[in-house]
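Structural overview for review
The primary structure of each chain is shown beneath.
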Amino acid sequence: MGLLTLSDCNGRMKYCGQVQFCQLPAEFRDKMLMVWQKTESIYYDSTGILNASTIINLTKEPYFARSIEYGLWVTHKEIRDKNGKVLYKFPREVPYPFIITDEYLYYPEEYNMQPSNINDSTVFFQFKRR
């Protein structure tokens, strides 16, 4: 799996590189796994809102992930704020989950990530938020 372009509404976000799970701060790792495990059993609803485990929000602001469809096909994915404003757009091929902190946005290098198969060498792509 290669790096896919990620954009915000005013242009591209700054790509910061790859980071392994073990390189993230311990508090971040623990909180991420705790949030992910709590939301793992929520699924798509009729409006196209994605499984809650597709976005792990480690900020105080509410964000929502949404799959944008054209007919039967997903064209792209978006992260929106509490007012519905599109903040970030992702190609449909970007793996889940999206992880949002106050400073960065991450997504995993591999598909089908679950809390049970994360280890210290799991790789995430890191982007600097504005």
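Read on for an overview of the structure. Because the structure is a prediction, the values reported are computed rather than measured.

1. Focus: the packing of aromatic side chains
- Tallied over the entire structure, the rule returns 8 aromatic pairs.
- Relative to Phe98, the ring of Phe90 lies with its centre 3.9 Å away and its plane at 15°, an arrangement referred to as stacked. In terms of burial, Phe90 and Phe98 fall into one category: buried.
- Feature note: the residues Tyr15, Tyr107, Phe125 and Phe127 constitute an aromatic cluster, connected by ring pairs.

2. Considerations on the side chain of Thr122
- Counting through the fold element by element, Thr122 comes out in the loop between strand 9 (104-108) and strand 10 (123-128).
- Polar contacts involving the side chain of Thr122 include one to the main-chain amide nitrogen of Asn119, which spans 2.9 Å.

3. Examining the environment of Tyr88
- With respect to the helices and strands, the residue Tyr88 is situated in strand 7 (residues 86-91).
- C-alpha separation for the pair Tyr88 and Arg129, spaced 41 residues apart in sequence, amounts to 9.9 Å.
- Here the side chain of Tyr88 touches Arg129 through a polar contact of 2.8 Å, side chain to side chain.

4. Here's the deal with the sheet that holds strand 8 (residues 98-100)
- Pairing is mixed across the open sheet formed by 5 strands, whose spatial order is 3-10-9-8-4. Strands at the two margins of the open sheet, each flanked by one partner only, are strand 3 (14-20) and strand 4 (55-57). Going across the sheet, the axis of each strand differs from the next one's by a mean of 20°, ignoring polarity.

5. Some remarks on the pattern of salt bridges
- Under the defined criterion, the tally for this structure stands at 3 salt bridges.
- Note that Glu78 is salt-bridged to Arg80, the shortest N-O span being 2.6 Å.
- Arg92 is the salt-bridge partner of Glu93, the closest N and O atoms lying 3.5 Å from each other.

About the cut-offs
- Residues numbered from 1 in each chain as written.
- Predicted model: local features only at pLDDT ≥ 70, side-chain atom pairs only at ≥ 80, totals over all residues.
- Heavy atoms only, no water.
- Phe/Tyr/Trp six-rings, centres within 6.5 Å; stacked < 30°, edge-to-face > 60°.
- Buried < 20%, exposed > 50% of the residue type's maximum accessible area, 1.4 Å probe, protein only.
- Helix = DSSP H or I, 4+ residues; strand = E, 2+ residues; numbered from the N terminus.
- Polar contact = N/O pair within 3.5 Å; in protein donor to acceptor, adjacent residues only side chain to side chain.
- Pairing = 2+ DSSP bridges.
- Axes fitted to C-alpha atoms, helices over the stretch in contact; angles between N-to-C directions.
- Salt bridge = Lys/Arg side-chain N within 4 Å of Asp/Glu carboxyl O.

Everything listed here is a matter of geometry and, on its own, says nothing about what the molecule does.
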